[in-house]
Amino acid sequence: MPKYLVTASYSADGAKGLLADGGTGRREAVKREIQSCGGTLEWMYFAFGEHDLYVVVDIPDNVSMAAISIVARSSGAVHSKAVPLLSPEDLDAATKKQVDYRPPGA
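Residues numbered from 1 in each chain as written. Predicted model: local features only at pLDDT ≥ 70, side-chain atom pairs only at ≥ 80, totals over all residues. Heavy atoms only, no water.

**Q** I'd like a rundown of the overall build of the chain, residues and numbers included.
**A** Counting its regular elements, the chain contains 3 helices and 4 strands. In sequence order, the chain lays out its α and β elements as β-α-β-β-α-β-α. Along the three orthogonal principal directions, the C-alpha set of the chain runs to about 55 × 30 × 25 Å. The 106 residues of the chain split such that 25% are buried. For the chain, contacts bridging at least 24 residues in sequence account for 64% of all contacts bridging at least 6. (Helix = DSSP H or I, 4+ residues; strand = E, 2+ residues; numbered from the N terminus. Buried < 20%, exposed > 50% of the residue type's maximum accessible area, 1.4 Å probe, protein only. Contact = heavy atoms within 4.5 Å.)

See the structure below:
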């Protein structure tokens, strides 16, 4: 199943919701959201700095990840980015693929 790293930052309204729900409440909400699209929450950590939240999820496909992202972002409470993750085995398979590439100007 594809794996994604999701980074998120709360808007002012989202931070107010976090104050009301607490960290464990938000984790349960995120877990339910991911499960509703057939995925699983691997881990979730809050942070301070550029992003408020780091999450790794297993999601069945890009369409499901897009659906989760669209719904969450449409709330206006959170700004997020999902980055596809590749396992070392995925990278091994990628290095064995034949690619017809010509560098610019060559």
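**Q** Report on the environment of R73, specifying residues and quantitative values.
**A** Along the chain, R73 turns up in helix α2 (residues 62–74). When the C-alpha atoms of R73 and A8 are compared, they prove to be 9.7 Å apart, with 65 residues separating the residues in sequence.

**Q** Would you mind going over the sheet that holds strand β3 (residues 53–58) in detail, with residue names and values included?
**A** Pairing between sheet strands relies on hydrogen bonds along the backbone, with the strands arranged either parallel or antiparallel. Within the open sheet, the 4 strands sit side by side as β2-β3-β1-β4. Their pairing is antiparallel. Each having just a single partner strand, β2 (40–46) and β4 (78–85) make up the two edges of the open sheet. Averaged over all pairs of adjacent strands, the angle between their axes in this sheet comes to 20°, without regard to strand direction. As paired elements, β2 and β3 share 6 bridges and run antiparallel to each other. Counterpart to F46 in the pairing with β3 is L53. Across the sheet, α2 touches β1 (3–10), β3 and β4, and the angle it forms with β4 is around 165°. (Pairing = 2+ DSSP bridges. Axes fitted to C-alpha atoms, helices over the stretch in contact; angles between N-to-C directions.)

Functional significance is not addressed by these values, which are geometric in nature.
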